[in-house]
Amino acid sequence: MKQKIKIALELLLNRLSEENTRRVSLGFSHFKKQLSVAYKKQSWKIRLIHLCDFIIVRTNGFRFIEFELTNICNAQCIFCPYPDMLRTEKKFMNMTSETLAMNSKKLSHFKNAMVSFTPTTGDTLLHPEWPAFIASIMAVPQVKQTTFFTNAIKLDIENQHKLIDLLKHDNHLKMSQLYFSIGGLNRTDYKTLYKVDRFDLVIEQINSFLLLLLENNLTTGIHLHLKMLRANDFKLAEAISLLNKNKYPFLYISHSHLYYSNDGYNRNAQIAYYHKVPIEKTKACSYLYKTRFAADGSIWADGCVISEMPGDSSLRLGSASDSLTVIEAARTKIIADWEQQSLIPKPCQGCTVYHCKK
Ligand code: SF4
């Protein structure tokens with residue numbers, strides 16, 4: 001799609017209300033489902049599916065739900081608080097089926113929910129029962145769309161087939177987008193960023209998974225997000241030849257040289273950070289309306305990577321055994337404390353993700 005059209009479309013989508021954002025997202029998901037039938041025989045459909053994917057990823061809204069199956073990770077990224085959290089009292093665990101059942105019931109109170117299985121820290125594929133847990137959440141009628149980020153280290157051949165199976169049985173195309181994060185474009189940069197030596201494995205696994213998608217006529221949007229070091233140059237042609245050897249048509253590659261942070265974050269000199277928002281934060285961040293169902297059974301506001309700082313629980317709303325009334329009362333208090341008494345929660349102080357949608 002031409003760059004100018006993309007920018008204009010993005011501006012237009014940003015102006016929509018939260019409710020209309022969800023409507024547009026669901027409308028284009030439905031349209032994509034129809035286009036996906038026999039797309040290989042009618043190649044004109046590919047461009048329209050690209051358009052649908054473009055719109056769907058930009059209409060997640062700011063109230064989507066974060067559903068964390070595990071908070072255990074197999075990397076120690078230099079842009080994530082996970083390595084610091086390992087030195088705190090926090091419990092590192094997989095979500096249990098009891099917690100899943102309690103949280104599933106709560107989900108039925110959300111309308112047209114979009115659920116992201118991306119944990120605050122951790123990697124979804126490390127949960128031993130991730131296919132069954134994800135399928136059970138996707139089966140909740142109020143859940144209309146789902147997605148998740150993975151570092152693809154555990155996307156071994158067994159998990160590739162499990163994921164393909166999940167997508168093949170996804171008759172309503174609820175899982176229309178998947179995100180893989182990769183540290184740089186070579187082994188050395190990957191090791192510097194993720195602190196593990198898994199670059200070659202990840203590249204091989206992603207190529208093999210894309211081939212399976214092709215062979216199974218699936219149209220899931222796959223977004224490869226390359227995390228870059230301060231000194232790296234991004235070369236799109238190199239990324240494509242490395243990561244899409246089999247030419248899967250619905251692969252989108254993006255990259256970022258900038259990372260989120262807040263005032264409590266230990267910065268790393270090898271990466272660059274977003275600047276602080278140059279406005280007075282009198283209005284509470286819109287992301288406080290998001291809900292995170294954490295792996296340990298607690299429930300939090302927001303769920304971005306820096307919303308839970310080591311040793312801090314100021315965005316915790318309650319636990320899976322609490323009623324939604326209790327959870328929402330805690331959220332209302334956090335927002336009122338911010339807007340009426342300027343009591344800004346610790347992770348939000350100096351947070352560069354801060355977003356205010358009136
Ligand atoms: S200010 Fe930052 S930490 Fe606070 S809710 Fe917004 S995104 Fe999350």
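Quick notes on the rules
Residues numbered from 1 in each chain as written. Predicted model: local features only at pLDDT ≥ 70, side-chain atom pairs only at ≥ 80, totals over all residues. Pairing = 2+ DSSP bridges. Helix = DSSP H or I, 4+ residues; strand = E, 2+ residues; numbered from the N terminus. Axes fitted to C-alpha atoms, helices over the stretch in contact; angles between N-to-C directions. Core = buried A, V, L, I, M, F, W, Y, C linked by C-beta atoms within 7 Å. Buried ≥ 20, exposed ≤ 12 C-beta atoms within 10 Å, placed from the backbone. Domains from an automatic or database assignment. Contact = placed C-beta atoms within 7 Å. Near = placed C-beta within 6 Å. Nonpolar A, V, L, I, M, F, W, Y, C, P; charged D, E, K, R; others polar. Parallel < 35°, antiparallel > 145°, perpendicular 65-115°, else oblique. Left-handed = near helix turned anticlockwise from the far one by under 90°.

1. What about the sheet that holds strand 11 (residues 298-301)?
Part 1 of the reasoning: The sheet built from six strands is open, its strands ordered 3-2-1-10-11-12 with mixed pairing. Strands at the two margins of the open sheet, each flanked by one partner only, are strand 3 (143-147) and strand 12 (316-319). Direction aside, the axes of adjacent strands within the sheet are offset by 25° on average.
Part 2 of the reasoning: In the sheet, strand 2 (residues 113-116) pairs with strand 3 via four bridges, with the strands oriented parallel.

2. Concerning the nonpolar core
Part 1 of the reasoning: Ranked by internal contacts, the top residues of the largest apolar core, which has 77 residues, are Cys-77, Val-115 and Ile-222.
Part 2 of the reasoning: For this core, the element with the most residues is helix 9 (residues 199-215), which contributes six residues.
Part 3 of the reasoning: When residues of this core are assigned to domains, at least three fall in each of domain 1 (1-60) and domain 2 (61-348).
Part 4 of the reasoning: Setting aside residues no more than four positions away along its own chain, Cys-77 makes contact with Tyr-82, Leu-193, Tyr-194 and Lys-195.

3. Re the site of the ligand
Part 1 of the reasoning: Residues in close proximity to the ligand include Cys-285, Tyr-287, Leu-288, Asp-302, Cys-304, Ile-306, Ser-307, Pro-347, Cys-348, Cys-351, Val-353 and Tyr-354, which together make up its full environment.
Part 2 of the reasoning: Within the shell around the ligand, the residues separate by chemical class into ten nonpolar, one polar and one charged.

4. A closer look at the packing of helix 5 (residues 97-107) against helix 6 (residues 130-138)
Part 1 of the reasoning: Packing of helix 5 against helix 6 leaves a shortest axis separation of 10 Å and a crossing angle of 25°. One element, helix 5, and the other, helix 6, form an angle in the roughly parallel class. Here helix 5 and helix 6 pass one another in a crossing that is right-handed. Residues Leu-100, Ser-104 and Leu-107 of helix 5 pack against Phe-133, Ser-136 and Ile-137 of helix 6.
Part 2 of the reasoning: In terms of residue class, the contact of helix 5 with helix 6 is made up of four nonpolar, two polar and no charged.

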